[in-house]
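Remarks on the overall topology
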Amino acid sequence: MKLQQLIEALKKGITRSLLKKRLYHIYPDLDFKTAIEFLKAQGLPIIEKNNIYYLSTSFNDLKDEVFCIVDIETNGSKPENSQIIEIGAVKIKNGEIIDTFNELVYADEIPEFVQEITGINKEMLQNAKSQKEVLMKFKEFLGDAIFVAHDSYFDFNYIRSQLQKEGLGDLLNLEICTLTLSKKTIPAQRYGLKYLIEELNLPQETLHRALSDAKTTSRIMLIGFENLPDNIKNTNDLIEFARGSRTIKNKVLKKQKKKKKGE
């Protein structure tokens, strides 16, 4: 709770003296400089301007921001008794892919239903790296980019849980869920990846494979960006706009229906 409050304060700006006090309450064993570096290593883009500390997202235009669109495949839905079997990600800046990440993860077991959905079997994972090794590489790839996923509640929290399980720290990157973003910016009847591919006439990718789903999600994100309200001036504005329940009603579709009734 204290950490989340600190993140919200950093979005608006916080003095060095006040930040020092807050950090002491969260990390009493770390000095100020070490605590700042520790937070940066967990994905928080902290910057300093005139002795005031902010998140860089308070100033970044969307074209200057780096978004990391992520998808994972797992051998179960509960992180406490399952693990990641594939991570795929694409980094986008100014509408262009600037880097990709794609790794299978070794697992002892893959339930039959997971094999049927993903097409991933044990033989494919025989020479794959361990979850810890892959997560270390992924965390380095992610850096302090904005974490984006279709239903980020699952992907973000699952990865966060596995990082902690593997002793690799926390995941503090700011995040955007394209499921809620699309419901606010794209008129459609359904919002699963499969349905949005058809609705938006997107390139056909292999569903339920991590990199393919990440590429599809990136295309949905960019289409959503084209329909943002005029008051979205920086990345923080976008993050606030994209927040909301995963069951939020489609505002775009409701507006269109009202318009048709008025015609």
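So, a few notes on the structure that sits alongside this text. Computed from a prediction, not measured in an experiment: that's the story for all the values here.

What counts and how
- Residues numbered from 1 in each chain as written.
- Predicted model: local features only at pLDDT ≥ 70, side-chain atom pairs only at ≥ 80, totals over all residues.
- Heavy atoms only, no water.
- Buried < 20%, exposed > 50% of the residue type's maximum accessible area, 1.4 Å probe, protein only.
- Helix = DSSP H or I, 4+ residues; strand = E, 2+ residues; numbered from the N terminus.
- Phe/Tyr/Trp six-rings, centres within 6.5 Å; stacked < 30°, edge-to-face > 60°.
- Lys NZ or Arg CZ within 6 Å of the ring centre and 35° of its normal.
- Pairing = 2+ DSSP bridges.
- Axes fitted to C-alpha atoms, helices over the stretch in contact; angles between N-to-C directions.
- Parallel < 35°, antiparallel > 145°, perpendicular 65-115°, else oblique.
- Left-handed = near helix turned anticlockwise from the far one by under 90°.
- Contact = heavy atoms within 4.5 Å.
- Nonpolar A, V, L, I, M, F, W, Y, C, P; charged D, E, K, R; others polar.
- Expected span 1.5 Å × (residues − 1).

This next bit is on helix H7 (residues 178-185). Of all 8 residues making up H7, 8 are buried, and the element is well covered by its neighbours. The set of residues buried in H7 consists of Thr-178, Leu-179, Thr-180, Leu-181, Ser-182, Lys-183, Lys-184 and Thr-185.

One pass over the structure, following the stated rule, counts 8 aromatic pairs. Ring centres of Tyr-27 and Phe-38 lie 5.2 Å apart, and the angle between their planes is 75°; this geometry places the pair in the edge-to-face category. Highlighted residues: Tyr-27 in the loop between helix H2 (16-26) and helix H3 (32-41) and Phe-38 in helix H3, separated in sequence by 11 residues. Note on Tyr-27: relative accessible area 16%, which makes it buried. The class for Phe-38 is partly exposed, based on a relative accessible area of 35%. An angle of 85° between the planes, with centres 5.7 Å apart, marks the rings of Phe-32 and Tyr-53 as edge-to-face. Within this pair, whereas Phe-32 is found in helix H3, its partner Tyr-53 is found in strand S3 (residues 52-55), the two being separated by 21 residues in sequence. Like Phe-32, the residue Tyr-53 is buried in the burial classification. In this structure an aromatic cluster arises from ring pairing among Phe-101, Phe-138 and Phe-141. Stacked on the ring of Phe-141, the Lys or Arg Lys-91 has its end atom at 4.8 Å from the ring centre. We note Lys-184 situated over the ring of Phe-241; from NZ or CZ to the ring centre the distance is 5.3 Å.

Moving on: the sheet that holds S3. Either a parallel or an antiparallel arrangement is found when strands of a sheet pair, and the pairing is made through backbone hydrogen bonds. Read across the open sheet, the 3 strands follow the order S1-S3-S2; overall the sheet is antiparallel. Either end of the sheet is taken by a strand with one partner, and the two such strands are strand S1 (14-15) and strand S2 (46-49). When S2 meets S3, the two strands line up antiparallel, connected through 4 bridges. Bridged to Glu-48 within S3 is Tyr-53.

A separate point is the packing of helix H1 (residues 2-12) against H2. How two helices sit against one another is set out by the angle between their axes and by the gap between those axes. Packing of H1 against H2 brings their axes to within 10 Å, and their N-to-C directions diverge by 160°. As far as their axial angle goes, H2 and H1 are roughly antiparallel. As H1 runs across H2, the sense of the crossing is left-handed. Listed contacts from H2 to Lys-2, Leu-3, Gln-5, Leu-6, Ala-9 and Leu-10 of H1 are Leu-19, Arg-22, Leu-23, His-25 and Ile-26. Of the residues in the contact of H1 with H2, the class split is 7 nonpolar, 2 polar and 2 charged.

On to the sheet that holds strand S5 (residues 84-93), then. If you walk across this open sheet you meet the 5 strands as S6-S5-S4-S7-S8, and the pairing is mixed. In this open sheet, the two strands that pair with only one neighbour each are strand S6 (96-104) and strand S8 (175-177). Taken over all neighbouring pairs, the strand axes of this sheet differ in orientation by 20° on average, direction set aside. Looking at chain direction, strand S4 (residues 66-74) and S5 are connected through 9 bridges and run antiparallel. Of the residues in S5, the one forming a bridge with Ile-69 is Val-90. In this fold helix H6 (residues 152-165) packs onto S4, S5, strand S7 (146-149) and S8, with an angle of close to 80° to the strand it touches most, S4.

Taking 1.5 Å of rise per residue, the 17 residues of helix H9 (residues 210-226) would be expected to cover 24 Å, and the 25 Å separating its terminal C-alpha atoms lies within 8% of that figure. Within H9, 12 of the 17 residues are buried, leaving the element largely enclosed by the surrounding structure.

The subject of this paragraph is the packing of H7 against helix H10 (residues 235-242). Closest axis-to-axis distance for the H7/H10 pair is 9 Å, and the angle between their directions is 85°. Considered as vectors, H7 and H10 are oriented roughly perpendicular to each other. Between H7, through Thr-180, Leu-181, Lys-184 and Thr-185, and H10, the contact on the second element is made entirely by Leu-238, Phe-241 and Ala-242. Residue composition of the contact of H7 with H10, grouped by class: 4 nonpolar, 2 polar and 1 charged.

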